[in-house]
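Structural description and commentary
Below, each chain spelled out in residue letters.
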Amino acid sequence: MPGFARAETQAVQLILFIQPACPWCDKLEKDLAEHPDFKRYLETTFVHQSVDIRSDAPLADFAEQSGRQVAKMHRVRITPTTILLYQGETIGRIPGYIEPKDYQSVIYQFMEEAGLGVKSGL
């Protein structure tokens with residue numbers, strides 16, 4: 001499945017699917033902001049973007065497809081949903097909200113399973 005249209009082929013993409021007035025989306029974003037080391041890891045390790053699953057506006061990073069189209073392509077039905085892509089293939093998926101500690105562990109596990117490792121110093 002296609003990911004970011006302009007992403008480098010070696011980059012891991014992290015897509016966070018959200019929607020307006022989603023309390024669990026807001027909670028996840030707030031919780032992650034309270035963990036600066038992990039937030040820095042996300043920002044330096046992934047090409048990332050939040051995608052509104054209800055938006056019909058074209059997204060430049062997704063070949064002008066809308067958030068609604070990208071969500072449908074990735075079969076996203078609930079928010080928040082996190083998807084990790086590497087070279088166009090899904091290497092991980094987190095449907096719904098999970099606690100930041102668990103979110104961090106799952107992201108690290110997906111990276112390890114894909115042979116991409118985890119950056120040290122966190």
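Here goes a summary of the coordinates provided. (Residues numbered from 1 in each chain as written. Predicted model: local features only at pLDDT ≥ 70, side-chain atom pairs only at ≥ 80, totals over all residues. Heavy atoms only, no water.)

**Here we look at the layout of surface pockets**
Here is the rule: Put plainly, a pocket is an open set of points on a 1 Å grid over the protein atoms alone with protein on both sides within 12 Å along at least five of seven lines, a cavity is a set where a 1.4 Å probe fits but cannot get out, and a lining residue has an atom within 4 Å of a point. Grid points are joined across faces, edges and corners, and a volume is the space filled by probe spheres set on the points. By the criteria applied, helices consist of DSSP H or I runs no shorter than four residues and strands consist of E runs no shorter than two, each listed in order from the N terminus. Residue classes follow a fixed rule: Ala, Val, Leu, Ile, Met, Phe, Trp, Tyr, Cys and Pro count as nonpolar, while Asp, Glu, Lys and Arg count as charged, and any other residue, Gly among them, counts as polar.
For the largest pocket, the calculated volume is near 280 Å³. Lining the largest pocket are Leu14, Leu16, Glu29, Leu32, Ala33, Lys39, Leu42, Glu43, His48, Gln49, Ser50 and Tyr103. Those elements giving two or more residues to the lining of the largest pocket turn out to be strand S1 (12–18), helix H1 (23–33), helix H2 (36–45) and strand S2 (46–52). A per-class count over the lining of the largest pocket returns six nonpolar, three polar and three charged.

**Concerning the nonpolar core**
Cut-off, in case you're wondering: To qualify as a nonpolar core, a set must consist of buried Ala, Val, Leu, Ile, Met, Phe, Trp, Tyr and Cys residues joined through side-chain atoms within 4.5 Å. A simple rule labels every residue: compare its accessible area, found with a 1.4 Å probe on the protein chains alone, to the largest value its type can have, and call it buried under 20%, exposed over 50%, or partly exposed in between. By the convention used here, residues are in contact when the closest approach between their heavy atoms is within 4.5 Å.
Core analysis: the biggest nonpolar cluster contains 21 residues, and Leu14, Phe38, Tyr41, Leu42, Phe46, Tyr103 and Ile107 have the highest contact counts within it. For this core, the secondary structure elements donating two or more residues are S1, H1, H2, strand S5 (81–86) and helix H4 (100–113). What Phe46 contacts, discounting residues up to four positions off in sequence, is Val12, Leu14, Tyr41, Leu84, Ile107 and Met111.

**Here's the deal with the pairing of strand S6 (residues 89–95)**
Across a regular strand the side chains alternate sides, sitting on one face of the sheet and then on the other. Inclusion rule: At least two DSSP bridges between two strands are required for those strands to pair.
Relative to S6, S5 runs antiparallel, the two being bridged by six bridges. Each bridged residue has a counterpart across the sheet, and for Thr82 the counterpart in S6 is Ile94. The loop that links S5 with its antiparallel partner S6 comprises two residues; one of these, Gln87, has a positive phi angle of about 50°.

**Here we look at the pattern of salt bridges**
For side chains of opposite charge, pairing can occur when their charged atoms come near one another. Formally: Should a side-chain nitrogen of Lys or Arg be within 4 Å of a carboxyl oxygen of Asp or Glu, the pair is scored as a salt bridge.
Scanning the model with the defined rule gives four salt bridges in all. Here Glu34 makes a salt bridge to Lys30, at a shortest N to O gap of 3.1 Å. In this structure Glu34 comes out as partly exposed when scored by relative accessible area, which is 48%. Lys30 gets classed as exposed once you look at its relative accessible area, which sits at 52%. Its salt-bridge partner being Asp56, residue Arg68 comes within 2.8 Å of it at the nearest N-O pair. One end of the pair, Arg68, is in helix H3 (residues 67–73); the other, Asp56, is in the loop between S2 and strand S3 (58–59), with twelve residues separating them in the sequence. For Arg68, a relative accessible area of 40% translates into the label partly exposed.

**Quick notes on the sheet that holds S2**
Put simply, the test is: In this analysis an axis means a line fitted to C-alpha atoms, helices contributing only their contacting stretch, and an angle means the value between N-to-C directions, from 0 to 180 degrees.
Spatially, four strands are ordered S2-S1-S5-S6 in an open sheet, and the strand pairing comes out mixed. Pairing within the sheet leaves two strands with one partner each, and these edge strands are S2 and S6. With direction set aside, neighbouring strand axes in the sheet form an average angle of 20°. The pairing of S1 with S5 spans six bridges and is antiparallel. Counted as the bridge partner of Val12 is Tyr86 from S5. Docked against the sheet, H4 engages S1, S2, S5 and S6, running at close to 165° with respect to S6.

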